[in-house]
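Fold and geometry: a report
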Amino acid sequence: MDEQNKNKKEKGLFSDMEQKKQKSKYAAEVCEKSPKRPDISVKPGDFGKNTAGGDMLFGKAFKFGDDISTDLIAPGRYFHLRSNLGELAKHVLEDADPEFAKKVSIGDFVVGGRNFGLGSSREHAPTIIKLAGVGAVLAKSFARIFFRNSINIGLPILICDTDKIDDGDKLQIDLRKGIVKDLTKNIELAFNPLPEVMIKILSDGGLVEHITKNKGFNL
């Protein structure tokens, strides 16, 4: 922020609109100056890669139970790979399903029970789920920080009743209408449609990518 604008801020002379513009400009500058994160914006499984018209997701369900922690998602013994997310993604959910990373295909879904993503606040957990090619995560409930991290890195995260979804079911998800169609069982499940602000962040590849693309917030 330049000296003139700094003085205006201190004197309380900014209008609400000016303050929003200054905050947006500052956020863009921070993103540009920050150390570059690994490029996760163009990897398989990104929002839009496996969609039709940007709103529909298609894939196979990989079913897990309750309390899938970030340690189960990103095992601590591979901590040395935290700066090599591509390699770390080869071990995603290894302690919950040792063969998951080998079986999952681009656009498939992780389906959990209650309290998905509990544990540490590490951003690596949702990031390597995304890098593995997963199109979205569905669960009855999520740990708050995991939910926020997932949206921030561009991974769709959906709260719905997953009891009727079984491992291997083929699913079609309408993000805006809030409908999960289980094509295997020919049933529909409802979830709260994602707010437009989340759709924008997801479609840009995540929060950092959104700010960089728009030179600030465009929500």
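Preceding this paragraph is the structure being described.
Residues numbered from 1 in each chain as written. Predicted model: local features only at pLDDT ≥ 70, side-chain atom pairs only at ≥ 80, totals over all residues. Heavy atoms only, no water.

**Considerations on unusual backbone geometry**
Stated precisely, the cut-off is as follows: Counting from the N terminus, the helices are the DSSP runs of H or I reaching at least four residues and the strands are the DSSP runs of E reaching at least two. Whether a residue is buried, partly exposed or exposed follows from its accessible area with a 1.4 Å probe, protein chains only, as a fraction of its type maximum: under 20%, in between, or over 50%, in that order.
A positive phi is found at N115, a non-glycine position, where the angle reads about 60°. By the secondary structure assignment, N115 is in the loop between β3 (109-111) and α6 (124-131). In this structure N115 comes out as partly exposed when scored by relative accessible area, which is 28%.

**Details of the pairing of strand β6 (residues 170-174)**
Stated formally: When DSSP finds at least two bridges between two strands, those strands are taken to pair.
In terms of burial, β6 is largely enclosed, as four of its five residues are buried. Summarising the sheet, strand β2 (residues 56-63) and β6 pair through five bridges and their orientation is antiparallel. Directly across from K60, in β6, lies its bridge partner K170. Pairing between β6 and strand β7 (residues 179-182): four bridges, direction antiparallel. Paired with I173 across the strands is V180, a residue of β7. The hairpin turn running from β6 into β7, its antiparallel successor, is four residues long, and G178 in that turn takes a positive phi close to 75°.

**Some points on the pairing of β7**
Remember that side chains alternate between the two faces of the sheet whenever the strand is regular. Here β7 shows a clear split, with V180 and D182 buried on one side and none of I179 and K181 buried on the other. Here β7 folds back onto strand β8 (residues 187-190) in antiparallel fashion, the turn holding four residues, of which N186 has a positive phi close to 60°.

**What about the side chain of K130?**
How we decide: Between N or O atoms, a polar contact is any pair within 3.5 Å; within protein, one atom must be a potential hydrogen donor and the other a potential acceptor, and residues adjacent in sequence are included only when both atoms are from side chains.
When you line up the elements, K130 lands in helix α6. K130 sits in the buried class, given a relative accessible area of 0%. A polar contact of 2.7 Å, which involves the side chain of K130, links it to the backbone oxygen of I153.

**Considerations on the packing of aromatic side chains**
Definition in use: For Phe, Tyr and Trp, rings pair up if their centres lie within 6.5 Å, where Trp contributes its six-membered ring, and each pair is then called stacked (planes under 30 degrees apart), edge-to-face (over 60) or tilted (otherwise).
Under the defined criterion, the tally for this structure stands at six aromatic pairs. Summarising the aromatic geometry, the rings of F64 and F100 are spaced 5.8 Å apart at their centres and angled 70° between planes, so their arrangement reads as edge-to-face. One end of the pair, F64, is in the loop between β2 and α3 (70-73); the other, F100, is in helix α5 (residues 100-103), with 36 residues separating them in the sequence. Residue F100 is classed as buried on the basis of its relative accessible area, which comes to 0%. Pairing F116 with F142 gives two aromatic rings, centres 5.9 Å apart and planes at 65°, and the pair type is edge-to-face. Of this pair, F116 sits in the loop between β3 and α6 while F142 sits in the loop between β4 (136-139) and α7 (144-152); the two residues are 26 residues apart in sequence, bridging distant segments of the chain.

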